[in-house]
Amino acid sequence: MAKNPPHTPETGLWNQLNAWMTKGPAGYTFLSLYTLITSALLITNPRTSLFTDIVFVLFLLLILAIYRSRVALGFKIALAVVALGFVLPYFGTLNPYYIDVATQAGIFATLAMGLNVVVGFAGLLDLGYVAFYAVGAYLWSIFSTDQIGNMISGATPVGAGWFYLFIIIGLVVGGVFGVMLGLPVLRLRGDYLAIVTLGFGEVIRVLAVNLDKPVNITNGAQGIKDIERPPLFFAPALKALGFNLDNNQLYQIFFYFMVLVVVLITMLVVSRLKNSRIGRAWTAIREDETAAIAQGIPLVRMKLMAFAVGASFAGAMGVIFASKQLFINPPTFDLLRSISILSMVILGGLGNIPGVILGAVLVTLLNIQILPRIAEVLRSAKDAGLPIPQSFDPTQYQRLLFGLLMILMMIFRPEGILPEDRRRQELHDHDDDPVEVSTS
Amino acid sequence: MVAEANVSKQDLQRQRTLQTLRTVFMPLGQLILFIIGSAVVLGLIVVVVAFFLSRSDPKIMQTAIAILPQVMIDGMVRGFLFATIALGYTMVYGVLEFINFAHGEIFMVGGFVGAGVAYLLMQWGLLSTLPWLVFVVIALVVGMTVSGLLAMATERVAYRPLRNSPRLVPLISAIGMSLVLQDVVRLIATSSPLGFNARFETPNFGKPFQIASIPLGERAIPVQISPKAVIFIVAALLMLLALNYLVNATRLGKAIRAVAQDRATASLMGINVNQIISLTFLIGGALGGAAGVLFGMNIGTVNPYMGFIPGLKAFTAAVLGGIGNITGAMVGGIVLGFLEAFVASYLSLFTGGAFSGASYADIAAFSILILILIFRPEGLLGESTTQKV
């Protein structure tokens, strides 16, 4: 059997096609046509249906195609701006459901990138990541509603304009909580760390449920409602341009763009960090802690920094999430949420930023679009008389999905869909057995 | 000459028996010591705190002391629950240095199988006629078998292919396995007559044993322990003894210990490492399953998500006692159980109802985990180890 080194390009039909489609004139034509056709299909079929779902997924995959292709950078950016900056928001005004899906995917992409700093870069498995998100969300919810009056007597909710400042505060508070969790657990080995962070996540959730007595801070299990939204400063301008949109549509587009901007900033920060001195130190710690210490890397400071950076993204995103949702309660921040973010990171490719974003988009789509669709199909199949268990509703079996995803990814492709080069080498160290088929 | 040799041989034989007896029963002594120790320490803390609080409200002292015996009994039952689950974590950790995250779910499956057996027996009309001991034994044997085999299967499917991967890889796979088991059991349970919250039918075990009755004002606070709790404790103790015998006094146990010490060398000595690891999962899983059956019997209902929190706390117990150490796991479970029972009962009493004790007991358990890991990562009974490079 021929031994294939993992990095030589394979010569299958798919790969040839792939290479031909992604560069040169064919690439430009393909991408432009792809954008045109999917956009046209989306805008002409705005009703929620299976067909639109499929087109929507294809439309989002366009971004991946643009990223993977080898065309001029300017062309890539232009296409991405057209797709994400114009087509998608316009489509959102026609059908609010899809732009909400896109916004959620963006929120999770940011969270996944933050978790990726901790798990992917520094190799510290954090199972309580959603706790930081909860901290950010509760921060804005408490300060923007009457809850603040319970905590500090006589205090009134802050105005809507404070929102932007609170994103920064959420960032800082998230980072502080990250350090607070990091300090006691830093000396622990990887698997202990996982359990402690899981416990920390549970503690935050239990506190959120129980801190309605003796002083009502979190309003307990009922959650906090009527959370303030930021002012719509751009509404008059849009109206002047001739777009007649109601408040809900405006907010949807507003949050979409806000999340998009945050995703871009996060991408920039995280990728700059990754290629910096700090990022290389994280990699060194991940690969061999002892060797890293021997090289003079300040272990404690670097680990704390990983925790703080990861947590701060979650804290800032929490503020935006609370204000977008208008209502939060403790079950929003349960362990399953942490696990789903983790499975995004794992699915996409630990350590690789585009991979993680892809994972976030895929899992979000799977979660809020594909699973309900399958449920619908199953229901109609059941009505048609096929033997499907009465109680089986795929949307209720997220755990099964995430669990299978994690096991299968770990066994068959631990480096994820879009792997990072270094990690692929690391994970396939032992693959010198010629019988094993190379997975890349 | 011959006679002399015979005598020394007999001596040797007797010495060896004594040695075995000591290794088997010594942990029991340690366990009792820790039970008494934690009861006394926590009791004293309660009395001291109650004394300071009773200046403002004299009734607190009375109430605190009156409920003390019952809290101790509850703590012991809780402790034995954590202890039996913790045994599975600690055995697997000892052999593979790997946290079997799905162990809480193995415990849950045990509970469900027990409930299923009870349901079948009820359907056949045998439940009320069966003597309780027979019922307990049937439920335990079936539950232990299924859980043990399931644990073995999970190892074969989800952990063995990843044995030489970086540390986090099998851990993530184990988390995935835990989620899969939860939902598979839920799928099976909700499409069977058991339902999501399955009732665990039992024959009539009789009334709780009344140990004492403490007068408090006009009322009398009874101190009682249910027969199911007694069965739980006795079964847990028997399992500890059996496990101790197996690990410390048989050839098989020697093989397990050898694999735990050094896998490569053990395999060079002719030990089938894969078999031993499978066996470790089987034993750990069977113990977890037994805990599940006994727990379900005690509580009266089981549900697919019930394994998660006890699993987490049992892991805490295993770490508290010194992970990899069998007696340590028992001791850790007992201490944690006592602590939780005390927090659950006294927190709301001492804070005048401002904090509900039951929900802060979880926080107490995790705080203990963090404190232990910071100040004594090797646990109460563990030996300190240095990380190998």
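Preceding block: the structure.
Conventions and cut-offs
Residues numbered from 1 in each chain as written. Chains lettered and ligands numbered in written order. Predicted model: local features only at pLDDT ≥ 70, side-chain atom pairs only at ≥ 80, totals over all residues. Heavy atoms only, no water. Helix = DSSP H or I, 4+ residues; strand = E, 2+ residues; numbered from the N terminus. Rg over C-alpha atoms; globule rule 2.2 N^0.38 Å. Buried < 20%, exposed > 50% of the residue type's maximum accessible area, 1.4 Å probe, protein only. Areas by Shrake-Rupley, 256 points an atom, 1.4 Å probe, with all protein chains shown as cover. Lys, Arg positive; Asp, Glu negative; His and termini not counted. Charge placed at Lys NZ, Arg CZ, Asp CG, Glu CD. Axes fitted to C-alpha atoms, helices over the stretch in contact; angles between N-to-C directions. Parallel < 35°, antiparallel > 145°, perpendicular 65-115°, else oblique. Left-handed = near helix turned anticlockwise from the far one by under 90°. Contact = heavy atoms within 4.5 Å. Nonpolar A, V, L, I, M, F, W, Y, C, P; charged D, E, K, R; others polar.

### Remarks on the overall build of chain A
Assigned secondary structure in chain A consists of 18 helices and zero strands. Compactness check: chain A gives a C-alpha radius of gyration of 23 Å against a globular reference of 22 Å for 440 residues, within 12% of the reference. If one aligns the C-alpha atoms of chain A with their principal axes, the spans along those axes are about 75 × 60 × 55 Å. In chain A, which comprises 440 residues, the proportion classed as buried is 51%. In the structure as shown, chain A presents an accessible area of about 19800 Å², 65% of it carried by carbon and sulfur atoms. Separation between the mean location of the 30 positive side-chain charges and that of the 27 negative ones in chain A comes to 5 Å.

### Concerning unusual backbone geometry
The backbone of Asn219(A) sits at a positive phi, close to 60 degrees, despite the residue not being glycine. Residue placement: Asn219(A) occurs in the loop between helix H9 (190-210) and helix H10 (235-240). We note that Glu97(B) has phi near 50 degrees; this positive angle belongs to a residue other than glycine. Owing to a relative accessible area of 42%, Glu97(B) belongs among the partly exposed residues under this scheme.

### With respect to the packing of helix H8 (residues 163-185) of chain A against helix H14 (residues 299-325) of chain A
Axes are the key here: two packed helices are described by the angle between their axes and the distance separating the axes. All names here are of chain A. Relative to each other, H8 and H14 sit at 140 degrees, their axes nearing to 6 Å. One finds that H8 runs oblique with respect to H14. Crossing handedness for the pair H8 and H14: right-handed. Counted together, Phe163, Phe166, Ile167, Gly170, Leu171, Gly174, Gly175, Gly178, Val179, Leu181, Gly182 and Leu183 of H8 and Leu304, Phe307, Ala308, Ala311, Ser312, Phe313, Gly315, Ala316, Val319, Ile320 and Ser323 of H14 form the full contact between these two elements.

### Looking at the packing of helix H2 (residues 59-96) of chain B against helix H6 (residues 227-249) of chain B
All names here are of chain B. Axis separation between H2 and H6 bottoms out at 9 Å; the angle between their running directions is 30 degrees. With respect to each other, H2 and H6 are oriented roughly parallel. Note on packing geometry: the crossing formed by H2 with H6 is left-handed. Residue-level contacts link Met76, Val77, Phe80, Leu81, Thr84, Leu87 and Met91 of H2 to Ala229, Phe232, Ile233, Ala236, Leu237, Met239 and Leu243 of H6. Residue classes in the contact of H2 with H6 are distributed as 13 nonpolar, one polar and no charged.

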